[in-house]
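# Chains, contacts and geometry: an overview
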Amino acid sequence: MSDQKDLLGLFKTVAERVDRRSFETVTRESVITDLGVDSLSMMQIVGEMETELNVQIPDEDLVEIVTVGDLCSKVEHRLV
Amino acid sequence: MTREPVTRMEERLYRIYMEFFEKAERERRWSLFDDIPWDKVNKDCSDDLALCVETFASVEMYLPDYVASGINVVRPWFGRAWWQANWGYEESKHSLGLGEWLMRSGKRTKDQWFDHYNVIAEKTWEAPFKTARQMTCYGAVQEQATFVIYVKHRDYARREGDEALYTLYDFIARDEIAHTRFYQEVVTALLEEDREGTLADLAKVFAEFKMPGVDLVPDYDARILQMRDQGGVDRDLFIRKVYLPVLKFLNIGRHEMLAAQRKALQDRNDERKLAEE
């Protein structure tokens, strides 16, 4: 659970840095497109999270990411 | 403008164009009059299909602006100037073909079609980026996106039982992917010349990208909603079929783009905030 929280926290931090606005109310269930995050910002958030955690999500998996939780799960999978 | 001796880059761009042109002449030419099975237009097709065709045609009808703007930016470079002229010829067939389909299908009269052109001509398209390199990057991305949309709508035409439109879209899509490859070959050469600068320009283009008809074509937002229902580019498709393939062709890793993208996104977001204030 704490790892999940940390990844959610990391998402919020990175998203705020990329989009320069608050993502405080975001949960793992939040749909990324509903957050007003466009394609390129999404790629930037993914890339910066990968860099911070030293993991790489395969390109073909990127299109499966719909919610914040999907992204966190992809990262978690690579961390194990 | 002072003319300098022919550089290796100029020679390379000329060679890229000649390879493109040879392939176009030998393998890709098509005739609006002989190669489209106009007798297979489905006059009972839906009005939604016609609206999509008219939207494609509308965007293509800003051709005079695209050509004027593009050719002036690259005028000093032989290969690229000739490319622009040839590109204009190929693109001119697209709007003509789409207009022909609208009239032959009975979905628009000749008067409606000319009236529509007059409405289109009231506004002028302006290049979204300032430099030749940025516009080349824009071409690489925009043509790829256009190709993807035409392929999706080619399938839509087949579902509606219109072999004429299917064939026309197929020819147009082939042209668009050939244009994509030309731009991407040029961007590859530009990357070799100045990787950091070209990555910055490419990131700027991705950050500020919009299709050429935005803010120009009448009722654009409503038209795009209809287009998306039948095969437009949403976020997933843009990533999967445009962003990642462009990077792959250019041999750029996602992580290599991060620094340039960070700056481009910050600049874009700052500009948007400024505009809102």
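What you see is a predicted model; the values in this text were computed from it and never measured. (Residues numbered from 1 in each chain as written. Chains lettered and ligands numbered in written order. Predicted model: local features only at pLDDT ≥ 70, side-chain atom pairs only at ≥ 80, totals over all residues.)

### Description of the overall build of chain A
Within chain A one finds four helices and zero strands. Of the regular secondary structure in chain A, the N- to C-terminal order runs α-α-α-α. Along the first, second and third principal axes, the C-alpha set of chain A runs to 30 × 30 × 20 Å. Per-residue burial for chain A yields a buried fraction of 31% across its 80 residues. (Helix = DSSP H or I, 4+ residues; strand = E, 2+ residues; numbered from the N terminus. Buried ≥ 20, exposed ≤ 12 C-beta atoms within 10 Å, placed from the backbone.)

### Re the overall build of chain B
Looking only at helices and strands, one finds eleven helices and zero strands in chain B. For chain B, the α and β elements follow one another from N to C terminus as α-α-α-α-α-α-α-α-α-α-α. Counting only C-alpha atoms and orienting by the principal axes, one finds that chain B spans roughly 55 × 50 × 35 Å. Going through the 277 residues of chain B one by one, you find that 38% of them count as buried.

### A look at the interface of chain B and chain A
Listed per partner, the contact involves 16 residues of chain B and 15 residues of chain A. Class assignment for the residues of the side of chain B that touches chain A results in eight nonpolar, three polar and five charged. (Contact = placed C-beta atoms within 7 Å. Nonpolar A, V, L, I, M, F, W, Y, C, P; charged D, E, K, R; others polar.)

### Section: the packing of helix α6 (residues 132-159) of chain B against helix α8 (residues 195-208) of chain B
Two packed helices can be described by the angle between their axes and the distance between those axes. Residues and elements named next belong to chain B. Interhelical geometry of α6 versus α8 gives an angle of 55 degrees and a closest axis separation of 9 Å. Classified by the angle their axes make, α6 and α8 are oblique. Remark: the crossing between α6 and α8 carries right-handed chirality. Taken together, the residues of α8 that come into contact with α6 (itself represented by R133, Q134, C137, Y138 and V141) are T198, D201, L202, K204, V205 and F206. (Axes fitted to C-alpha atoms, helices over the stretch in contact; angles between N-to-C directions. Parallel < 35°, antiparallel > 145°, perpendicular 65-115°, else oblique. Left-handed = near helix turned anticlockwise from the far one by under 90°.)

### Considering helix α2 (residues 39-53) of chain A
Residue and element names in this part refer to chain A. In a regular helix each residue adds 1.5 Å, so 15 residues correspond to 21 Å; α2 covers 21 Å between its end C-alpha atoms and thus fits that length. Considered for burial, the residues of α2 that qualify are L40, S41, M42, M43, Q44, I45, V46, G47, E48 and M49. Immediately downstream of α2, the backbone of N54 shows phi near 55 degrees, a positive value. (Expected span 1.5 Å × (residues − 1).)

### Some details on unusual backbone geometry
Residue and element names in this part refer to chain B. Positive phi, close to 70 degrees, is recorded for D215, a residue that is not glycine. Given 11 C-beta atoms within 10 Å, D215 falls into the exposed group. Its identity as a non-glycine residue notwithstanding, N251 has a phi of 60 degrees, on the positive side. Position of N251 relative to the elements: it lies in the loop between α10 (235-249) and α11 (258-276). Assessed through the 9 C-beta atoms surrounding it within 10 Å, N251 is described here as exposed.

### Description of the environment of A:P58
All names here are of chain A. Tracing the backbone shows P58 in the loop between α2 and α3 (59-62). Exposure remark for P58: the 8 C-beta atoms within 10 Å place this residue in the exposed category. It is 10.0 Å that separates the C-alpha atoms of P58 and R78, two residues lying 20 residues apart in sequence.

### Overview of the packing of α2(A) against α11(B)
The geometry of α2(A) relative to α11(B) is characterised by a closest axis approach of 10 Å and an angle of 135 degrees between their N-to-C directions. The pairing of α2(A) with α11(B) is recorded here as oblique in orientation. Pair α2(A) / α11(B) crosses with left-handed handedness. Between α2(A) and α11(B), the residues in contact are A:L40, A:S41, A:Q44, A:G47, A:E48 and A:T51 and B:L258, B:Q261, B:R262 and B:L265, respectively. Tallied by class, residues from the contact of α2(A) with α11(B) come to three nonpolar, five polar and two charged.

### Re the nonpolar core
Note that soluble globular proteins tend to have their nonpolar side chains buried in a common cluster. Among the nonpolar cores identified, the biggest contains 83 residues, and B:V53, B:W101, B:V141, B:L165, B:L168, B:A203 and B:F206 are the most heavily contacted of them. B:V53 has contacts with B:L98, B:W101, B:L102 and B:L165, leaving out every residue within four places of it along the chain. (Core = buried A, V, L, I, M, F, W, Y, C linked by C-beta atoms within 7 Å.)

### Quick notes on the confidence of the model for chain B
Of all residues in chain B, 96% attain a pLDDT of 70 or more, and the chain-wide mean is 92. Averaged pLDDT values for the elements of chain B fall to 80 in helix α9 (residues 220-231) of chain B and rise to 97 in helix α7 (residues 163-193) of chain B. (pLDDT = per-residue confidence, 0-100.)

### Brief notes about the confidence of the model for chain A
Confidence in the prediction for chain A averages 89 pLDDT; 92% of positions are at 70 or higher. Mean pLDDT values over the elements of chain A span from 85, in helix α1 (residues 2-19) of chain A, up to 93, in α2(A).

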